[in-house]
Structure formats: C-alpha cells, structure tokens
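Tertiary structure, described
The chain contents come next:
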Amino acid sequence: MLAAVLGIEGTVLSPGERSFLRDTPPAGVILFARNVIDPAQLRALTDAIRAASAPARPLVFVDQEGGRVMRLKPPAWRSLPAMARIGLLYGQDQEAAVRAARGVGRLIGTDLAEAGIDVACAPVLDVAAPGLTEAIGTRAFSSDPEVVAVLGRAVADGLLDVGILPVIKHLPGHGRALVDSHVGLPVVDATPAELAERDYRPFQALNDLPIGMTAHILFRAIDPDQPATMSCRIIAEVIRGRIGFDGLLLSDDLGMGALTGDLPSRATACLEAGCDLALACSGRIEDAQAVARSVPALDGDGAVRYARALTWCPSERATIDVAADEHHLQATQLVA
C-alpha cells in the first residue's frame, strides 16, 4: 500500500478510481460531505472501496468531530455538539461532561461503524488561546490543557468502545494559531518552554493512542524554516521526543494554503520529515495519481505503526446503549 491517505471525488467510485485502488491502493481513503448522501449509499461506497482495493485493506477515514465539523450530517445522521460546549459543561459538572464526551465518541463511532468507516479524525486536542483562528474555534474543548486532556481521552475512549480508531490532532498544537492554515501559514512565536507548559500537555496525556495528525504551523523558536508537517526537527524532537507519540502519524491535508510547492513535492517533504502517511484530500484522480508517483509503499517503522493501529480494532464491536448516551446529551442540554 502507498504511504498515503487519499480522497475520492463523488458518491460512487468512478471507473478510474476503481482501477487506481486496484493497482495502487493507498493506506487510507478519506471521505468528505461530497461523498455522502445517506446511510445506504455511504455503506455501499465503503464496501466498494474495500472490494476495489482487495486484497489490500485501506483504512477509511472521515472528519466527524461534532459541531460544525461533521461530514455525516442531520437529518440522515444525528446532531452532535461542538466540543467547546462540553468544555463549558465541565466547568459546571465534571462528571456529566466526561460522560457526555464519551457518549459523543460512542455516538460518532456507532454512526461510523454502521457506515463501514474505520477512523474518526477526532478528538481535537488543541488548547484554545486568545485570538484563536475560527478554523479551530469551538472545535477546541477549552483553554485549560488539563480539561482538554480529560475530555479528549473520553471522546477517544468512546470511539474505541465501538471499535473506531481516533486521531489526535493537530500535533504539536494548533491552539495559538491566529491564521487559518487552509488559506495561509500560521506563525507561532511562543518559546519551547511555553509550548511545553500548555500546548503539548494534552498530546502527552494521550500519546498512547494509535493515530495522530500534524499541524501546518511554523513554530519559529523551534524551526524557523518549516511548518511542523514538513519539519524533521519538530517531528523528531517534539512529536516523537518531548510529546512521546509513537503512533501512526499522518499529515494534515497537503492541499491547504499554508504550504508551498506542488502536491507531489509536499507529499515527499512530509514523509522525509517523518510523517508516516501523506494526506491529500482533493478527491481529484489527477492528484491521487500524482501523489502515487511521488510516495513510496508504506514500509519500515510506518508499516509497524500501521499494523499496530489495526490491533486497536476489536474483532467484535461492543453493544452500546445509544439511547442512554442520547438521553444524557439531551439532559445536559447539549442537544435538543
């Protein structure tokens, strides 16, 4: 399999996409709202992805966090709160907030499992700071790293309860960004000591989890030349070193405006910097083919981490009392 996670264009596989998945299967396929109509269609699509890729078995990813970042949306799927609302609840009732966070994870996981999706790109572990870009905004639990760690763990545990792999993001921390990395490169001037005291802490607390995603942010005091996704120093010394994360590491979307150069060079650079997987989300077959020509097969430490991530998926999914989780969210006024 290619050391890449790639998007597809529509709600069914095109003949070109079927051929691509057969001949050059990536380690993962990521889905977006453009790929989703309803539960029956989505399950047919994920089944088709697996059939086309066989005997390879790419993981199927989706961004499903709650709040405004949900690719599976109402009315076909349930409405779920933004994580900032659970963070506010934590200030009033810690036990209720932790239960709500785990419940959200289980509800997301139940929806994804039924759709044939393996991985939720959640929880967001970024610690909110003054002026935080709206690109993160209410996706962050709190400005308190301890609260972020506790609630992030609860969401991750809820996903794992139903056999869905969580992705901690955005390593080593997106909470100080004042610029939306979709459109430009955020630059953070905090010292390493300041970052360690605040931004790294939730990631350290959850560094045992199987998958993480990088941030397209320039941390000037650590590497003044390259954003984290492309920085050998940040990945080796901070993400793998100070934070201690040894799971499967994928880049954030390489098509974002924070980065420069063409897509193949971006994919090559992030892998050379230490990412295990290059993420390209556009869904254009031309982009997938360009990435495929530039990235190697998943091997070495990346293959070991990929295999280790798969061991987190149970052979049988637990039976979850979805109604109880939904009732708790209603009782705490997190959903109507």
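The following refers to the structure shown. Remember, predicted model here, so these are calculated numbers, not experimental data.

1. Overview of the overall build of the protein
- A tally of helices and strands in the protein yields 12 helices and 12 strands.
- Relative to the 2.2 N^0.38 estimate, which gives 20 Å for 336 residues, the radius of gyration of the protein is 19 Å and therefore close to what a compact globule would have.
- Its C-alpha atoms put the protein at 55 × 50 × 30 Å along the principal axes.
- Per-residue burial for the protein yields a buried fraction of 60% across its 336 residues.
- Put simply, 77% of the contacts in the protein that link residues at least 6 apart link residues at least 24 apart.
- Carbon and sulfur atoms form 52% of the exposed surface of the protein, whose accessible area is close to 13,000 Å².
- Between the mean site of the 30 positive side-chain charges and the mean site of the 41 negative ones, the protein shows a separation of 1 Å.

2. Things to note about the packing of helix α1 (residues 15–23) against helix α2 (residues 39–53)
- Direction vectors running N to C along α1 and α2 enclose 50°, while the axes themselves pass 7 Å from each other. Here α2 runs oblique to α1, going by the angle between their axes. In this structure, α1 uses Arg-18, Leu-21 and Arg-22 to contact α2, whose residues at the interface are Ala-48, Ile-49, Ala-52 and Ser-53.
- When the residues that make up the contact of α1 with α2 are grouped by side-chain class, the tally is 4 nonpolar, 1 polar and 2 charged.

3. Some words on the packing of helix α4 (residues 94–115) against helix α5 (residues 145–161)
- The geometry of α4 relative to α5 is characterised by a closest axis approach of 7 Å and an angle of 35° between their N-to-C directions. Every pair of crossing elements has a handedness; the one defined by α4 and α5 is right-handed. On α5, the residues touching Ala-97, Val-98, Ala-101, Arg-102, Gly-105, Arg-106, Ile-108 and Gly-109 of α4 are Val-150, Leu-151, Ala-154, Val-155, Asp-157, Gly-158, Leu-159 and Asp-161.
- Along the lines of polarity and charge, the residues of the contact of α4 with α5 split into 9 nonpolar, 3 polar and 4 charged.

4. Considerations on the pattern of salt bridges
- Overall, the coordinates contain 24 salt bridges when judged by the stated rule.
- Its salt-bridge partner being Asp-118, residue Arg-50 comes within 2.9 Å of it at the nearest N-O pair. Of this pair, Arg-50 sits in helix α2 while Asp-118 sits in the loop between α4 and β6 (119–120), and the two are 68 residues apart along the sequence. Each member of the pair, Arg-50 as well as Asp-118, is classed as buried.
- The partner of Arg-102 in a salt bridge is Asp-161, with the nearest N and O atoms 2.9 Å apart. Within this pair, whereas Arg-102 is found in helix α4, its partner Asp-161 is found in helix α5, the two being separated by 59 residues in sequence.
- Asp-161 gets classed as buried once you look at its relative accessible area, which sits at 19%.

5. Overview of the sheet that holds strand β3 (residues 59–62)
- On the basis of which strands lie adjacent, the open sheet formed by 8 strands has the order β11-β9-β7-β6-β3-β2-β1-β12 and parallel pairing. Of all strands in the sheet, those bounded by a partner on one side alone are β11 (248–250) and β12 (278–280).

6. So, the side chain of Ser-142
- Within the secondary structure, Ser-142 is located in the loop between β6 and α5.
- At 2.9 Å, the side chain of Ser-142 and the backbone nitrogen of Asp-144 are in polar contact.
- For Ser-142, the residues in contact, after removing those within four places along its chain, are Asp-126, Val-127, Ala-128, Val-147 and Val-148.

7. Some points on unusual backbone geometry
- A cis amide bond, omega 5°, links Pro-74 with the succeeding residue Pro-75.
- Along the chain, Pro-75 falls in the loop between β5 (69–70) and α3 (83–92).
- Cis geometry marks the peptide bond from Leu-171 to Pro-172; its omega dihedral reads 0°.
- Within the secondary structure layout, Pro-172 lies in the loop between β7 (165–171) and β8 (187–188).
- The phi dihedral of Gln-333 is positive, around 60°, even though this residue is not glycine.

8. Observations concerning the pairing of β3
- Taking every second residue as pointing to the same face, both faces of β3 are buried, with Leu-59 and Phe-61 on one and Val-60 and Val-62 on the other.
- As paired strands, strand β2 (residues 26–31) and β3 are joined by 4 bridges and run parallel to one another. From the neighbouring strand, Gly-28 faces β3, where its bridge partner is Leu-59.
- This β-α-β element, β2 to α2 to β3, shows right-handed connectivity.
- Bridge analysis of β3 against β6 gives 2 bridges, and the strand direction is parallel. Note on β6: the bridge partner recorded for Phe-61 is Val-119.

The rules behind each value
- Residues numbered from 1 in each chain as written.
- Predicted model: local features only at pLDDT ≥ 70, side-chain atom pairs only at ≥ 80, totals over all residues.
- Heavy atoms only, no water.
- Helix = DSSP H or I, 4+ residues; strand = E, 2+ residues; numbered from the N terminus.
- Rg over C-alpha atoms; globule rule 2.2 N^0.38 Å.
- Buried < 20%, exposed > 50% of the residue type's maximum accessible area, 1.4 Å probe, protein only.
- Contact = heavy atoms within 4.5 Å.
- Areas by Shrake-Rupley, 256 points an atom, 1.4 Å probe, with all protein chains shown as cover.
- Lys, Arg positive; Asp, Glu negative; His and termini not counted.
- Charge placed at Lys NZ, Arg CZ, Asp CG, Glu CD.
- Axes fitted to C-alpha atoms, helices over the stretch in contact; angles between N-to-C directions.
- Parallel < 35°, antiparallel > 145°, perpendicular 65-115°, else oblique.
- Nonpolar A, V, L, I, M, F, W, Y, C, P; charged D, E, K, R; others polar.
- Left-handed = near helix turned anticlockwise from the far one by under 90°.
- Salt bridge = Lys/Arg side-chain N within 4 Å of Asp/Glu carboxyl O.
- Pairing = 2+ DSSP bridges.
- Polar contact = N/O pair within 3.5 Å; in protein donor to acceptor, adjacent residues only side chain to side chain.
- Right-handed = clockwise from strand over helix to strand, strands pointing away.

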